[in-house]
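For reference, the chains in residue letters:
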Amino acid sequence: MTAQPFHRSQAEMLPERAAPVTTVGIVGWLRANLFSSWINAAFTLIAFYLLWLMVPALIDWAFVNADTAGDNRFACTSSGACWAWVDQRIDQFLYGFYTADQTWRVDLAVVLLIPALAPLLFEGVPFARQLRWFSLAYPVVATFLLVGGIGLEGVPTDKFGGFMLNLTVGLAGIVLSLPVGILLALGRRSRLPVIRVLCICFIETVRGVPLITLLFVSNIILPIFLPPDVTLDSLIRVIVMVTAFASAYMAEVIRGGLQAIPRGQYEAAQALGLRYWQMMGLIVLPQALKISIPGIVNTFIGLFKDTTLVIIIGLFDILGIGNAMVSNPDWLGLSTEAYVFIALFFFVACFSMSRYSIHLEKRLDTERRE
Amino acid sequence: MNSFLKTAVAGAAALLVAGAAHAATLDDIKKAGVLKCGINTGLPGFAYTDDKGKWTGFDVAYCRALAAAVFGDPDKVKYVNLTGKNRFPALAAGEIDVLSRNTTWTFSRDVDLGFTFIGVSYYDGQGFIGRKALGVKSAKELDGASVCIQTGTTTELNLADFFRVNKIKYEPVPIETNEEARKAYVAERCDVYTTDASGLAATKTTFKDPDAHMVFPEIISKEPLGPLVRQGDDQWADIARWTLNVLINAEEYGVTSANVDKLAAKAIDNPEINRMLGTEGSLGAMLGLRKTWAVDVLKAEGNYAEIYERYLGTKTPLGLARGLNALYTNGGILYAPPMR
């Protein structure tokens, strides 16, 4: 009997087998994400039950049983939402009291925003170099389009309203508060006592009061101290106050980033003979800002939502104008529809900012993370 | 009003007194070319936007009439929208020339805050609305009821007074804005809802089944609403006061936006109308205005009755009967001094 050679191991590779059905595909995903333990399974079931209760009712209300046409609320006879007035008043939601035959200027300003922002936000945009010059000029172009002047009919800023007011105040605040915030953060860590004390005073004062108070002061108290014939534009007051408020928060967010940069980075930069601004601009700030992105975007989102407070000084943003419109006797009692509609605008704007921040963090991520 | 606001207003007023005593508001308005009129940020029937985005309503109509008195053009108004909190500081600081924002004329506002109420344009009062299913016929039977109420207003204080006087208990459900209070009532978070009677009528029309609710007969407070100006410029206060009086007197004399041009063409055999419309005497000059100022006032939005019926009356969705706001000759208490 010939002895068979005894193999502890397989001579050839076994064919690949499909992964167990419980770890791949839908079932695998469900097991991993929704039913990984008894507690998770219970929460999943509860969540599904709640969705099952809410979603059909919401769809019924918003779509199935909704009225979309009519001249007043008495035309809305079904049990669901009454979108007829949103349809009738969409221009007011978007443009506020902006001169009706001039709204194309707002549209144009929004369209031009795309080429202005694209080279700043994304990589690989064609003609990025040339477009950056346009980005730089955009604030002037937009102001000219919105306010008017040479050749264009002038539109006073108190006619700004609706979502375009939120966008104007929000964007101006975002664009201005980042550089101001950076300067304040650097100032607070400065070795020069005067600069440091001034920055600390500004940050702590502005951060110590609610935005609503700042707006109130700018509108009611400020005129008392100014000479009677000096009138400050309401919109400029708002933008200044919102910027001041956001930059105080921004400064603290960025200071957090600055403090996370190891001392060695500063010392290495100094050892290379870099001056203060070179050290900050080339070595420290790029790292500090990168780790501050979530906080910075958080402040932006907060700022954008704070633009609804302008009603306190009599400007009508999308929320204020919605409230004013449901006071029309023809459309009384439709505030739910107004709030839902307005919430959509804010959700889209804030969610995009949040997604972009995640995209930016991934793009700038130079550390290898598991 | 909280004490901070009071201090702020008093401070603002004090700073302004020196200038205001001599400042001729009328000259400032003429120089600016526009009347700055403080109105609500949105109140059914009184101030709201139409589908063109123009401000309109009962309070807005007064602004337009006043602008017509000053400029002869009702469109020369800049509306400044004010909340309950910032309306008084705005008037004290000179951000507006006149406040026409459903403001109750009270002692402390008139005296302590340094304003001049120029008359009453709408007599309101606080009432209750409840479900008929409660089986209650009167507000005095509301013992133990929960009441939805807007906080920080005179309504809250009136309510406390009413229940204390009648020795009954209630459970307040305080809510920030009127609209939310209305929603809370609809969602049955409270048994009854209280606000000014005009607001109750507006609210009732928004219910799916208005007949299931009733407004109780009790009106528990006096809410005389009217325009006001800063103290210290009597000429401007007179212009504001007599603009309102023209609206009311015109209704009494039967002058409307339709027939005012004809009546003002030449003196007729009614001296009261002649004096008002400037075909006799010189009332306009006494105010520092044009001879035909009252004609312009009436052409803006019509007389009091026309304005009332257009924005609040029974043909509007609000459907408010004239009630107290009828002329004294029709069973109401609307009564303007004579034009002589």
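Quick caveat: nothing in here was measured; it's all calculated off a predicted structure. (Residues numbered from 1 in each chain as written. Chains lettered and ligands numbered in written order. Predicted model: local features only at pLDDT ≥ 70, side-chain atom pairs only at ≥ 80, totals over all residues.)

With that settled, the discussion passes to the overall build of chain B. Secondary structure summary: chain B contains 14 helices and 14 strands in total. The C-alpha atoms of chain B give a radius of gyration of 21 Å, which matches the 20 Å a tight globule of 340 residues would have. The principal-axis extent of the C-alpha atoms belonging to chain B is close to 60 × 45 × 40 Å. In chain B, which comprises 340 residues, the share counted as buried stands at 49%. In chain B, the proportion of contacts linking residues at least 24 apart, taken out of those at least 6 apart, comes to 72%. (Helix = DSSP H or I, 4+ residues; strand = E, 2+ residues; numbered from the N terminus. Rg over C-alpha atoms; globule rule 2.2 N^0.38 Å. Buried ≥ 20, exposed ≤ 12 C-beta atoms within 10 Å, placed from the backbone. Contact = placed C-beta atoms within 7 Å.)

Our focus in this paragraph is the overall build of chain A. Looking only at helices and strands, chain A has 14 helices and one strand in total. Across its three principal axes, chain A shows a C-alpha extent of roughly 120 × 75 × 45 Å. Taking all 370 residues of chain A together, the buried fraction comes to 32%. In chain A, 65% of the contacts between residues at least 6 apart in sequence involve partners at least 24 apart.

All names here are of chain B. The element strand β8 (residues 126–131) is extensively covered by neighbouring structure, given that five of its six residues are classed as buried. Sheet topology note: the β8/strand β12 (residues 213–215) ladder contains three bridges and is antiparallel. Considered in β12, the bridge of Arg 131 is made with His 213. (Pairing = 2+ DSSP bridges.)

Moving on, we get to the nonpolar core. Counting 180 residues, the largest nonpolar core has Val 238 of chain A together with Cys 63, Leu 66 and Val 297 of chain B as the members making the most contacts within it. Counting residues per element, this core draws most heavily on helix α10 (residues 234–260) of chain A, at 15 residues. When residues are assigned to domains, this core turns out to be shared by domain 1 (3–123 + 224–330) and domain 2 (126–221) of chain B, each giving three or more. Dropping the residues within four chain positions of it, Cys 63 of chain B is found in contact with Leu 35, Cys 37, Ile 39, Val 77, Tyr 79 and Ser 100 of chain B. (Core = buried A, V, L, I, M, F, W, Y, C linked by C-beta atoms within 7 Å. Domains from an automatic or database assignment.)

Turning to the sheet that holds β12 of chain B, a few remarks are in order. All names here are of chain B. Overall, mixed pairing links the five strands, which are arranged β10-β9-β11-β8-β12 in an open sheet. Pairing within the sheet leaves two strands with one partner each, and these edge strands are β10 (170–175) and β12. Strand-to-strand twist of the sheet, defined as the mean angle between neighbouring strand axes without regard to direction, takes the value 25°. Pairing of strand β9 (residues 145–150) with β10 involves six bridges; the strand directions are parallel. Paired with Gln 150 across the bridge in β10 is Ile 175. (Axes fitted to C-alpha atoms, helices over the stretch in contact; angles between N-to-C directions.)

The next thing to look at is the interface of chain A and chain B. Opposite the 22 residues of chain A that make contact, chain B presents 29 residues. For the side of chain A that touches chain B, the secondary-structure elements that each account for two or more residues are α9 (211–225) and α13 (318–325) of chain A.

Attention shifts here to the domain arrangement of chain B. Residues and elements named next belong to chain B. Domain assignment breaks chain B into domain 1 (3–123 + 224–330) and domain 2 (126–221). Put simply, the middle of domain 1 and the middle of domain 2, counted by C-alpha atoms, are 31 Å apart. Facing the nine residues of domain 1 at the interface are six residues of domain 2. Looking at the side of domain 1 that touches domain 2, its residues break down into five nonpolar, four polar and no charged. (Nonpolar A, V, L, I, M, F, W, Y, C, P; charged D, E, K, R; others polar.)

To continue, consider the confidence of the model for chain A. Residues with a pLDDT of 70 or more make up 97% of chain A, whose mean pLDDT is 89. The element-level mean pLDDT for chain A is lowest in α9 of chain A, coming to 83, with helix α8 (residues 193–207) of chain A highest at 96. (pLDDT = per-residue confidence, 0-100.)

Now for the environment of Thr 22 of chain A. Residues and elements named next belong to chain A. For Thr 22, the position within the fold is in the segment before α1 (25–33). Sequence spacing of Thr 22 and Ala 32 is ten residues, and the spatial spacing of their C-alpha atoms is 9.1 Å. If we skip the residues at most four places from it in the chain, Thr 22 touches Val 27, Gly 28 and Arg 31.

Here the focus is the packing of helix α12 (residues 276–306) of chain A against helix α14 (residues 335–364) of chain A. Residues and elements named next belong to chain A. Across the interface, α12 lies against α14 with an axial gap of 10 Å and an inter-helix angle of 170°. Classed by the angle they form, the pair α12 and α14 counts as roughly antiparallel. Here Lys 290, Ile 293, Pro 294, Val 297, Phe 300, Ile 301, Phe 304 and Lys 305 of α12 come into contact with α14, specifically with Phe 346, Ala 349, Cys 350, Met 353, Ser 354, Ser 357, Leu 360, Glu 361 and Leu 364. Grouping the amino acids of the contact of α12 with α14 by side-chain chemistry returns twelve nonpolar, two polar and three charged. (Parallel < 35°, antiparallel > 145°, perpendicular 65-115°, else oblique.)

Residue and element names in this part refer to chain A. Contact geometry of α13 with α14 gives a least axis separation of 10 Å together with a crossing angle of 165°. In terms of axis orientation, α13 runs roughly antiparallel to α14. Read as a crossing pair, α13 and α14 show a hand that is right-handed. Note on element contacts: α14 touches α13 through Ala 338, Ile 342 and Phe 345, opposite Ile 318, Leu 319 and Gly 322. Each residue belonging to the contact of α13 with α14 can be placed in one class, and the counts come to five nonpolar, one polar and no charged. (Left-handed = near helix turned anticlockwise from the far one by under 90°.)

Further remarks concern helix α14 (residues 304–311) of chain B. Residue and element names in this part refer to chain B. Among the residues of α14, those classed as buried are Tyr 304, Ala 305, Ile 307, Tyr 308 and Tyr 311. Taken down its axis, α14 places every buried residue within 165° of arc, on the same side. Check the buried side of α14 and you find it contacts α3 (58–71), α9 (234–253) and α13 (293–301). (Arc of directions from axis to C-beta.)

The next thing to look at is the confidence of the model for chain B. Residues and elements named next belong to chain B. Taken over all residues, the pLDDT of chain B has a mean of 89, while the share at 70 or more is 93%. A low-confidence stretch, residues 15–22 (pLDDT under 50), is modelled with eight contacts involving residues beyond four sequence positions or located in other chains. What the predictor reports for the complex is a pTM of 0.84 with an ipTM of 0.78.

All names here are of chain A. Along the polypeptide, Phe 163 turns up in helix α7 (residues 162–188). For the pair Phe 163 and Met 353, spaced 190 residues apart in the sequence, the C-alpha separation amounts to 16 Å. For Phe 163, the contacting residues outside a window of four places in its chain are Phe 93, Leu 94, Ile 318 and Phe 345.

The next subject is unusual backbone geometry. Positive phi values are uncommon outside glycine, yet Phe 127 of chain A reaches one of about 55°. Mapped onto the elements of the fold, Phe 127 of chain A is located in the loop between α5 (103–121) and α6 (128–147). Despite not being glycine, Glu 188 of chain B shows a phi value in the positive range, around 60°. One can find Glu 188 of chain B in the loop between α7 (178–186) and β11 (192–196).

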